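Observations on chain architecture
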Amino acid sequence: MKQNNFNASIWPEPKNRRGNFFNLNNSITKIEDVLKERHPSYFPVLVCSARAAITMVLEGLLLSRKDLVRMPAYSSHCLLDAVSRVATPCPYIVNGLSDAAIIFHQWGFLQSNSPLNNNLLIEDACDSLCERDSNLMILDGKFEIWSLPKIIGASGGAVIWCKSENDMINIRLIRDSKSCSGFIQSILRDMGKKSDGLYDYWSG
């Protein structure tokens, strides 16, 4: 009997990257303009990955190792790694105050309330594409993050939605200061799909 090879995944498969890298900055601006048109009440920042988005947001909040960031106890190692580069992650169940918190919206199912009373709330909606003109940050968070590979099958990229224009300007400055590194990392990420060694290097 002939056996078919079938690989299933909950995420869409990425398409091959195409386009002119020399027009990258221009492309970023155009994509952000399209996103802004879809959700005019918010301010988008396009970055290389959702992992980088978490790190940039925490840097924008001026957090450091002494600061605690609450998140679900079952969080992925990618999220733990991203937070650990700036601050100290801790689960919701730990008593006491925290300096920021991350809450998940997943597969289009949006949380209706937050288990935390925290002004610096980051809403992780990495795989939940919202309809045009719909409300983002429904828990009144300060930021919302989308992952483009998980939503549309892109080979990379993420969106940081900011509630305030000042936060958008600040995060764009952080992003632009890392632009060369982000470009190199995106190449390593693609190559890492065929090489465990390069994937481990990119992950680190």
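Residues numbered from 1 in each chain as written. Predicted model: local features only at pLDDT ≥ 70, side-chain atom pairs only at ≥ 80, totals over all residues. Heavy atoms only, no water.

**Focus on the confidence of the model for the protein**
Note the cut-off: Summary of the metric used: pLDDT quantifies the predictor's per-residue confidence within the range 0 to 100. Under the scheme used here, helices are H or I runs from DSSP no shorter than 4 residues and strands are E runs no shorter than 2 residues, and both carry numbers assigned from the N terminus. Whether two residues are in contact is decided by their heavy atoms, any of which lying within 4.5 Å being enough.
Per-chain confidence: the protein averages 76 in pLDDT, with 66% of residues scoring 70 or above. Here helix α6 (residues 179-191) stands out as the least confident element of the protein, with mean pLDDT 58; strand β1 (residues 43-47) is the most confident, with 94. Taken together, the stretch residues 1-8 has pLDDT below 50 and engages in 0 contacts with residues farther than four places along the chain or on a different chain. Taken as a whole, residues 16-24 scores under 50 in pLDDT and shows 5 contacts with residues more than four places along the chain or in a different chain.

**With respect to the environment of Asp-127**
Note the threshold: The classification of residues rests on relative accessible area computed with a 1.4 Å probe and restricted to protein chains. Under 20% of the type maximum is buried, over 50% is exposed, and intermediate values are partly exposed.
Tracing the backbone shows Asp-127 in the loop between β5 (121-124) and β6 (143-147). By relative accessible area, Asp-127 is classed as buried at 10%.

**With respect to the pairing of β1**
Here is the rule: Criterion used throughout: strands pair if DSSP finds at least two bridges between them.
Counting buried positions along β1 yields 5 of 5 residues, so the element is predominantly enclosed. Burial along β1 is two-sided: the residues Phe-43, Val-45 and Val-47 and Pro-44 and Leu-46 are all buried. Inspection of the sheet shows β1 paired to strand β7 (residues 158-162) by 5 bridges, in the antiparallel sense. Residue Phe-43 lies in a different strand from β7, and its bridge partner there is Cys-162.

**Comments concerning the packing of helix α2 (residues 50-60) against helix α5 (residues 165-177)**
What counts is decided by this rule: To obtain an axis, a line is fitted to C-alpha atoms, over the contacting stretch when the element is a helix, and the angle between two such axes runs from 0 to 180 degrees between their N-to-C directions. In these notes the angle categories are as follows: under 35 degrees is roughly parallel, over 145 is roughly antiparallel, 65 to 115 is roughly perpendicular, and the rest is oblique. Should the near helix be turned counterclockwise from the far one by less than a right angle, the crossing is left-handed, whereas a clockwise turn marks it as right-handed. All amino acids are sorted into three groups, where Ala, Val, Leu, Ile, Met, Phe, Trp, Tyr, Cys and Pro are nonpolar, Asp, Glu, Lys and Arg are charged, and the leftover types, Gly among them, are polar.
Running from N to C, α2 and α5 cross one another at 120°; their axes reach a closest spacing of 9 Å. One way to sum up the angle between α2 and α5 is to call them oblique. Classified by chirality, the crossing of α5 by α2 is right-handed. Across the interface between the two elements, Met-56, Val-57, Glu-59 and Gly-60 of α2 pack against Asn-170, Ile-171, Ile-174 and Arg-175 of α5. Classifying every residue of the contact of α2 with α5 gives 4 nonpolar, 2 polar and 2 charged.

**Section: the packing of aromatic side chains**
Rules: Here is the rule: rings of Phe, Tyr and Trp (six-membered ring for Trp) pair when centre to centre is within 6.5 Å. Planes less than 30 degrees apart are stacked, more than 60 are edge-to-face, and the remainder are tilted. Any Lys NZ or Arg CZ found within 6 Å of a ring centre and within 35 degrees of that ring's normal is scored as a charge over the ring.
Throughout the structure, instances matching the rule amount to 1 aromatic pair. Between the aromatic rings of Trp-146 and Trp-161, the centroid separation amounts to 5.4 Å while the plane-to-plane angle is 65°, which identifies the pairing as edge-to-face. With Trp-146 in strand β6 and Trp-161 in strand β7, this residue pair connects regions lying 15 residues apart in the sequence. With relative accessibility at 2%, the residue Trp-146 sits in the buried group. Against the face of Phe-43 rests Lys-36, its NZ or CZ located 3.9 Å from the ring centre.

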